[in-house]
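Geometric and topological summary
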Amino acid sequence: MTLTFSVVTPSYNQGLFIERTIQSVLAQTDVAFDYMVCDGGSTDQTVGVLKQYQHQLRWVSEPDGGQADAVNKGIRSTRGDIIAWINSDDVYYPEAFRQVQQVFLTHPEVQVVYGQANHIDRDDKFIESYPTEPWNYRRLREICFLCQPAVFFRRQMVQNYGDLDANLKFCMDYEFWLRYGQHTDFFYLPKPLAGSRFYQDTKTLGQRVAVHYEINDMLKAKFSRSPERWVLAYASVSVEEREKLEGSDVGNLLAPVQRINEFCAEAFHGYRRWRNFAVSPSTIWQIARWIAAAYYHWLRSKVNF
């Protein structure tokens, strides 16, 4: 028995990286696959790169409804047994498909396989290992420990439980895994399968507050309230991004106090919107400790000034 792969790449103005993505797909061996690139009408060199490889892949370049819409379009236009989704700035590592195929063949009950991955920079150099963890659905609700290009799933999952939510702009993959994880356990393959590009222009880094806001909205819609970890992460990121925008005053002795006050204000907003003010005693205690520490350092610095 053999399994075929369908590889889908959504793309928009990633001409700087897309050729490396394409080459990493075409370099996979011992596995039959078809490759579809769904470009959103790029205005950079992307289309020129796609034309160079048009005998080895299929592609379209036309306006779409965003990343999720492009992935869904690619899934619908392919027929492979196993779906691999990789963005146009990420890369697969050699033999990734072969290793994943072996898992699916050996374990026919497995519906989703995910592996390890690395964060890489603009020049494909290693930055750090992605914080992947063994499968635990409850833990997945607290932190997204799956790296999107290192996740592979059977087409049957899409047929049974739906495709990506095109209404989501940032966390469509996270919602996807949470939805599928409600129906089946994922198989963890502890081997590096992909490199995920990590640089300032990525959506995750470039719009951190919006990303965390959407994640919390999604989690509340799915589970009636978002986990505290995500609410507090939103508050922390909001304060960090505001400081970057406004600049930090290193000579301001009140800065730690102002920071914790801003954090508490953002946390209050988050708990009201995403948890209906449900706060655990441990969180109340932890925030109280942060407030006490901030005021302690302020008073100490004031005495020593």
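The preceding data block contains the structure.
Reference entry: report on the structure contained in this document. Every value quoted in this text rests on a predicted model; they were computed, and no experiment measured them.

**A closer look at the state of the cysteines**
One pass over the structure, following the stated rule, counts 0 disulfides. Cysteine Cys144 is unpaired, with the sulfur of Cys147 as its nearest cysteine sulfur at 8.8 Å.

**Some remarks on the side chain of Arg154**
Secondary-structure assignment places Arg154 in strand E8 (residues 151-154). For the buried Arg154, which has no salt bridge, the nearest side chain bearing the opposite charge is Glu109, at an N-O separation of 6.8 Å. Of the polar contacts made by the side chain of Arg154, one reaches the backbone oxygen of Pro108; its length is 3.4 Å. Excluding residues within four positions of it along the chain, Arg154 makes contact with Leu3, Asp81, Ile82, Phe104, His107, Pro108, Val110 and Gln111.

**Regarding the packing of helix H7 (residues 172-181) against helix H9 (residues 208-223)**
Taken N-terminus to C-terminus, the directions of H7 and H9 make an angle of 20 degrees; their axes are 10 Å apart at the nearest point. Considering the angle they form, H7 stands roughly parallel to H9. Crossing geometry of H7 relative to H9 is assigned as right-handed. Only Ile215, Met218, Leu219, Lys222 and Phe223 of H9 make contact with H7, whose side of the interface consists of Tyr174, Glu175, Leu178 and Arg179. In terms of residue class, the contact of H7 with H9 is built from 6 nonpolar, no polar and 3 charged.

Each value, and the rule that gives it
- Residues numbered from 1 in each chain as written.
- Predicted model: local features only at pLDDT ≥ 70, side-chain atom pairs only at ≥ 80, totals over all residues.
- Heavy atoms only, no water.
- Disulfide = S-S within 2.5 Å.
- Helix = DSSP H or I, 4+ residues; strand = E, 2+ residues; numbered from the N terminus.
- Buried < 20%, exposed > 50% of the residue type's maximum accessible area, 1.4 Å probe, protein only.
- Lys, Arg positive; Asp, Glu negative; His and termini not counted.
- Salt bridge = Lys/Arg side-chain N within 4 Å of Asp/Glu carboxyl O.
- Polar contact = N/O pair within 3.5 Å; in protein donor to acceptor, adjacent residues only side chain to side chain.
- Contact = heavy atoms within 4.5 Å.
- Axes fitted to C-alpha atoms, helices over the stretch in contact; angles between N-to-C directions.
- Parallel < 35°, antiparallel > 145°, perpendicular 65-115°, else oblique.
- Left-handed = near helix turned anticlockwise from the far one by under 90°.
- Nonpolar A, V, L, I, M, F, W, Y, C, P; charged D, E, K, R; others polar.

Any functional reading would require information beyond the geometric quantities listed.
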